[in-house]
Amino acid sequence: MSKVWFVTGSSRGLGRQFVQAALSRGDRVAATARTTTSLDDLAATYGDQVLPLAMDVTDKNAVGQAVKRAVEHFGRLDVIVNNAGYAQIGAIEELTEHELREQMETNLFGAVWVIQAVLPHLRGQRSGHIIQLSSAAGLIALPLGGAYHASKWALEGLNEALAGEVADFGVKVTIIEPGGFATRDGKNPNPLDNGHVAAPDPAYDPLRQRLGQVAGKQPAGDPAAAAQTLLKLVDTDNPPLRVLFGQGFQSMIQQAYADRLKTWADWQDLSAQAQGGADLQAAV
């Protein structure tokens, strides 16, 4: 049985690949982007199989209207892909309030507006699969990415809680954590040169220079392969809550988690002291 998708951030990158993969196997897709011009070729090729929708995820009312149109057009929704987002780069001290708020408005609140808009429909049909694009940046944190990390770490917790809330309604949730993918001219984009960079403070120039020597140099994954993998994931009866896409950051993530466990173990005596008296410890 073919599926009906609702995909945000469909104009380029992984989102575009996801839409093309779904359409190419006969699924139907409500593809959203800030403007639909970039989706004209898909409409010309796939006709009524695709519904291009102009939508800014930061506009809650627009999100609600887009979801309503998609349901009216296709009759149901099966796969929701929260993909829209970007990376704000800059040291914490360099970030303006506007930059930080815009990062959260798009990456975090935009995802929430989509989830809230689709859930009444998914609950009503007692089925559906919400796919949240997080990032390896939602599991580890590096200098100059504080705003982006904050948004992705927030999405990780939000969607883990969501999975527990909607399981009884037959709705599944999967958080995808991609590493670097060749989404720009066949290359792994350099996050330090992505158009969303805070005004630099010279105090951080040495750090920027060191990171610039390695940024974007990791092996780049194939976006088309990621899209085919997503098809397999949404066809799985029992999908995972979390899954890494690509292996570029796997060793770094494994080390980060091992370090956390070791730190907690090394400082467990201090943790016990913070618990308080023996009676309280026994109660716990």
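Data block above holds the structure.
Residues numbered from 1 in each chain as written. Predicted model: local features only at pLDDT ≥ 70, side-chain atom pairs only at ≥ 80, totals over all residues. Heavy atoms only, no water.

Details of the overall build of the protein chain
Then step 1. A tally of helices and strands in the protein chain yields 10 helices and seven strands.
Then step 2. A compact globule built from 284 residues should have a C-alpha radius of gyration of about 19 Å, and the protein chain, at 21 Å, falls within 12% of that.
Then step 3. With the C-alpha coordinates of the protein chain rotated into their principal frame, the extents come out at 65 × 50 × 35 Å.
Then step 4. Counting all 284 residues of the protein chain, 43% fall into the buried class.
Then step 5. Counting only contacts in the protein chain whose residues sit at least 6 apart along the sequence, the fraction spanning at least 24 positions is 68%.
Then step 6. With an accessible surface of roughly 14600 Å², the protein chain has 52% of that area assigned to carbon and sulfur atoms.
Then step 7. Of the side chains in the protein chain, 24 bear a positive and 30 a negative charge, and the two mean positions are spaced by 6 Å. (Helix = DSSP H or I, 4+ residues; strand = E, 2+ residues; numbered from the N terminus. Rg over C-alpha atoms; globule rule 2.2 N^0.38 Å. Buried < 20%, exposed > 50% of the residue type's maximum accessible area, 1.4 Å probe, protein only. Contact = heavy atoms within 4.5 Å. Areas by Shrake-Rupley, 256 points an atom, 1.4 Å probe, with all protein chains shown as cover. Lys, Arg positive; Asp, Glu negative; His and termini not counted. Charge placed at Lys NZ, Arg CZ, Asp CG, Glu CD.)

Here's the deal with the nonpolar core
Then step 1. If you look at the biggest cluster of nonpolar residues, it comprises 33 residues, and the most contacted ones within it are F6, V67, L77, I80, L122 and I130.
Then step 2. Among the elements that line this core, the one with the most residues is helix α4 (residues 97-125), at 11 residues.
Then step 3. In this view, I80 contacts F6, V114, V118, L122, H129, I130 and I131; residues no more than four positions away in its chain are not counted.
Then step 4. In terms of nonpolar packing, the next biggest core, distinct from the first, is built from 27 residues, F18, A22, V29 and A33 among them. (Core = buried A, V, L, I, M, F, W, Y, C linked by side-chain atoms within 4.5 Å.)

Some thoughts on α4
Residues three or four positions apart in an α-helix share a direction because the helix packs 3.6 residues into each turn.
Then step 1. Between its terminal C-alpha atoms α4 stretches 41 Å, which fits the 42 Å expected from 29 residues at 1.5 Å a residue.
Then step 2. Of all bends in α4, the biggest is about 35°, found at L119, and the proline P120 comes one to four residues later.
Then step 3. Positive backbone phi, at 55°, marks R126, one or two positions downstream of α4. (Expected span 1.5 Å × (residues − 1). Bend = angle between axes of the 7 residues up to and from the residue.)

Observations regarding the pairing of strand β3 (residues 50-54)
Then step 1. Taken together, the five bridges between strand β2 (residues 28-33) and β3 define a ladder with parallel strand orientation. If you follow A33 over to β3, its bridge partner there is A54.
Then step 2. Between the parallel pair β2 and β3, the chain is carried across by helix α2 (residues 40-46), and the sense of this crossover is right-handed. (Pairing = 2+ DSSP bridges. Right-handed = clockwise from strand over helix to strand, strands pointing away.)

Observations concerning the pairing of β2
Then step 1. Among the six residues in β2, five count as buried, and that is most of the element.
Then step 2. The handedness of the strand β1 (residues 4-7) to β2 crossover, carried by helix α1 (residues 13-24), is right-handed.

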